[in-house]
Amino acid sequence: MSPGRLIWFKVLIHLGALLPLIWTFYLASIDQLGGDPVESLLHFTGISAFNLLLLSLLTSPLAKMLKQAALIKVRRLLGLYAFFYALVHFLSFIFFELQFEWQFLIAEIIDRPYITVGFVALLILFSLALTSTRKSQITLGKKWQALHNWVYLAGILIALHYIWSVKSDILQPVIYWVLLLLVLFMRKDKLDRWLKKRKKNLA
Amino acid sequence: MLIKVPKKSDISENMVTDQNVYQDRRNILKSMGFFSASALLASPSAKAIDWFSKKEKVFETAPLTHNKAPSFSTDETLTPEQKVISHNNFYEFGTSKSDPIENAQEFKVDPWSMTIEGLVENPITLGYDDLLSSFPLEERIYRLRCVEAWSMVIPWNGFPLASLLNKAKPLGSAKYVAFETLYDPKQMPGQRSRFVGGGIDYPYVEGLRLDEAMHPLTLMSVGLYGKTLPAQNGAPIRLVVPWKYGFKSIKSVVKIKLTDRKPPTTWNILAPREYGFYANVNPKVDHPRWSQARERRITTGGLFSQNRIPTLPFNGYEEVADLYKDLNLRRNY
Ligand code: HEM
């Protein structure tokens, strides 16, 4: 991919991530987002965050498969948007679901396992977003990769959060589990190496 | 020699099945978010770009004559009709809230047959017209509290279940009332596929204690907003028990059976730790996975409406508290 093409690709990602969000908020604000705009918004932001995370996890295996090293350059952008959507999801929960009853927020995070794991996933994504710059990569050195491997745990926690949040309609969360496991499988060599290292460290 | 000549009816049945398979696939794909634009943005504008809908048929509703029943009605702000008919939990037609209005348009309710049977002196069968004409219809504006912590205010049209049961004359041995929804996989995609129907074992069944069923608040509804029920709201006849979570108010009822034993109920079978037989609205007893202390009242105003309100015991219908004075409500959730 030429540098010019890459820029266009990034512009496309920005538009693809931002326009649906703005449009969704607009529809919700004029009460045109289904019967319960709050529920629709939580679903939209949650699913989109998960989609973006899966896409960002797919970029490096795809880059290898398609022999398009430049693809790697959009991984950070996708990851940041995954975090951004997760943050909007969390804030929507506080603003529109809890409507600022803060005492409920703490109680929910502690008492509700599905919220607990969602919160932990959000914290992981937050720390990855904070350290996503070139500069942190250099300062953290080897530790950077170790830290960013936590993204796999975040993926698993989100899939858990999702399947725990539904009443009985588990089809969609199960499909997401399958997608996640596929992505993890594509990165199996890396996971193996990581697990071995952990074992060695423990031993 | 036996040669099977396909009858005309066989052929049409095959064609129906093809349609069904097509519709099922569409439902599954949709639930995966492939049509997220149309699934999520269930707005008129978004509907315009939903090329996959085939909406030749529209479910018809007709005006009903009825009397107001102010003593049974709340004067809180009504949930707009458009929301009452487009935001539904009716898993027989799909698990997402916007599925029922989309998938139930071709639902056939006439002819219909609802039986009142079991421990009664006088078993009754009501056809479609009987449902609408056997009893004087009242308008009752009730709060509806869903177990998912949202609520609506709905003007129902119907008659007290007690009127119907009195006509059937329960025997002294009758202690409970069991209800059953229509089982018709041809018409209900959720009953054809576990994926579409949320893993429920159909037909959907519900139950009440006889004294709950006889309570004057307990309504058999045949309409809302002054018209016969839309399919997605449980046409042609449904139960409405306003002090219990919405899933008790079973839709599209075909059978009412009086029994001496506590009848099985669908959500209790599916997740006994989460949904009990009683399912009385109770802000003090949380669902294991979420709080029941508050609810969001669905009216108008969109995202920024401040619609979070405290949930009241028995959904504000304190007059039923007497029914449960000897019952531990925490244990009998
Ligand atoms: C403290 C943090 C979080 C809170 C309080 C939270 C809250 C919620 C709630 C209340 C729901 C259920 C919505 C409903 O069914 O009505 C939900 C669903 C969901 N959340 Fe979260 N969440 C959090 C973190 C996350 C994160 C970090 C992600 C992904 C990156 C995520 C992805 C999802 C997904 C995919 C769903 C399912 C949406 C659907 O059913 O269509 N959540 N979340």
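A short note on the site of the ligand
All names here are of chain A. Taken together, 19 residues lie around the ligand, and His 43, His 89, Ile 158, His 161 and Tyr 162 are the ones closest in. In this structure, a nitrogen atom belonging to the ligand sits 2.7 Å away from a side-chain N or O atom of His 89. In this structure, a nitrogen atom belonging to the ligand sits 2.7 Å away from a side-chain N or O atom of His 161. Listed by contribution, the elements that provide at least two residues to the shell around the ligand are helix H2 (37-66), helix H3 (75-97), helix H5 (113-130) and helix H8 (150-165).

Overview of the coordination of the iron atom of the ligand
Six octahedral donors at a metal ideally form angles of 90 or 180 degrees, and four tetrahedral donors ideally form angles of 109.5 degrees. All names here are of chain A. Taken together, the protein donors to the iron atom of the ligand comprise His 89 (NE2) and His 161 (NE2), at separations of 2.0 Å. What the six donor atoms of the iron atom of the ligand show is an angle range of 86 to 179 degrees at the metal, which sorts the shape as octahedral. Remark: His 161 occurs in helix H8 and His 89 occurs in helix H3; sequence separation between them is 72 residues.

Some remarks on the environment of A:Phe93
Residues and elements named next belong to chain A. Tracing the chain through its elements places Phe 93 in helix H3. Among the residues examined, Phe 93 registers a relative accessible area of 12% and is labelled buried. In this structure, the C-alpha to C-alpha distance between Phe 93 and Val 38, residues 55 residues apart in sequence, is 8.3 Å. Setting aside anything within four residues of it in sequence, one finds Phe 93 in contact with Leu 42, Leu 98, Leu 105, Glu 108 and Ile 115.

A short note on the packing of H3(A) against H5(A)
All names here are of chain A. Packing of H3 against H5 leaves a shortest axis separation of 10 Å and a crossing angle of 140 degrees. Our classification of the angle between H3 and H5 gives oblique. Handedness of the H3/H5 crossing: left-handed. Residues Leu 80, Phe 83, Ala 86, Leu 87, Phe 90 and Phe 93 of H3 touch H5, and the partners they reach there are Ile 115, Phe 119, Leu 122, Leu 125, Phe 126 and Ala 129. Within the contact of H3 with H5, the residues separate by chemical class into twelve nonpolar, no polar and no charged.

Here's the deal with the confidence of the model for chain B
Across chain B, pLDDT averages 87, with 83% of residues at or above 70. Contacts of residues 1-19 of chain B to residues separated by more than four positions or lying in other chains number five contacts, the stretch itself having pLDDT below 50.

Quick notes on the pairing of strand E7 (residues 205-209) of chain B
Residues and elements named next belong to chain B. With respect to burial, E7 is a largely interior element, five of its five residues being buried. Of the two faces of E7, the one lined by Val 205, Gly 207 and Arg 209 and the one lined by Glu 206 and Leu 208 are each fully buried. Bridge analysis of strand E6 (residues 176-181) against E7 gives five bridges, and the strand direction is antiparallel. Pairing of Phe 179 across the sheet is with Glu 206, part of E7.

Digging into the side chain of B:Thr266
Residues and elements named next belong to chain B. Along the chain, the position of Thr 266 falls in helix H10 (residues 266-270). Its relative accessible area of 5% is what places Thr 266 among the buried residues. Of the polar contacts made by the side chain of Thr 266, one reaches the backbone nitrogen of Val 205; its length is 2.7 Å. Apart from the residues within four sequence positions on either side, Thr 266 is in contact with Ile 200, Pro 203, Tyr 204 and Val 205.

Focus on the interface of chain A and chain B
At the junction of the two partners, chain A supplies 36 residues and chain B supplies 43 residues. The interface formed by chain A and chain B contains eight salt bridges. Its salt-bridge partner being B:Lys97, residue A:Glu39 comes within 3.4 Å of it at the nearest N-O pair. At the surface where chain A touches chain B, the tally comes to 17 residue pairs in polar contact (both at pLDDT 80 or more). Looking at the side of chain A that touches chain B, the elements with two or more residues in it are helix H1 (3-29), H2, H3, helix H4 (102-111), H8 and helix H9 (171-186) of chain A.

A short note on empty space enclosed by the protein
Inspection of every chain in the model, using the stated rule, returns two cavities of 30 Å³ or more. Looking at the largest cavity, it is lined by 26 residues, and the ones nearest its centre are B:Asn89, B:Phe90, B:Gly246, B:Phe247 and B:Lys251. Considering each element in turn, the lining of the largest cavity owes the most residues, four residues, to strand E5 (residues 150-160) of chain B. Residues of the lining of the largest cavity, tallied by class, amount to 15 nonpolar, seven polar and four charged. Size it by volume and the second largest cavity reaches roughly 90 Å³. In terms of lining residues, the second largest cavity is bounded by 18 residues, among which A:Pro37, B:Lys83, B:Gly302, B:Ser305 and B:Asn307 are the most central. Residue composition of the lining of the second largest cavity, by class: five nonpolar, eight polar and five charged.

Cut-offs and rules
- Residues numbered from 1 in each chain as written.
- Chains lettered and ligands numbered in written order.
- Predicted model: local features only at pLDDT ≥ 70, side-chain atom pairs only at ≥ 80, totals over all residues.
- Heavy atoms only, no water.
- Near = heavy atom within 4 Å.
- Polar contact = N/O pair within 3.5 Å; in protein donor to acceptor, adjacent residues only side chain to side chain.
- Helix = DSSP H or I, 4+ residues; strand = E, 2+ residues; numbered from the N terminus.
- Donors = N, O, S within 2.8 Å, 3.2 Å for Na, K, Ca; no water.
- Tetrahedral: all angles 85-135°; square planar, octahedral: opposite > 155°, others 65-115°.
- Buried < 20%, exposed > 50% of the residue type's maximum accessible area, 1.4 Å probe, protein only.
- Contact = heavy atoms within 4.5 Å.
- Axes fitted to C-alpha atoms, helices over the stretch in contact; angles between N-to-C directions.
- Parallel < 35°, antiparallel > 145°, perpendicular 65-115°, else oblique.
- Left-handed = near helix turned anticlockwise from the far one by under 90°.
- Nonpolar A, V, L, I, M, F, W, Y, C, P; charged D, E, K, R; others polar.
- pLDDT = per-residue confidence, 0-100.
- Pairing = 2+ DSSP bridges.
- Salt bridge = Lys/Arg side-chain N within 4 Å of Asp/Glu carboxyl O.
- 1 Å grid on protein atoms, 1.4 Å probe; cavity = no way out; pocket = protein on both sides within 12 Å on 5 of 7 lines; lining within 4 Å.
- Points joined across faces, edges and corners; volume = space filled by probe spheres on them.

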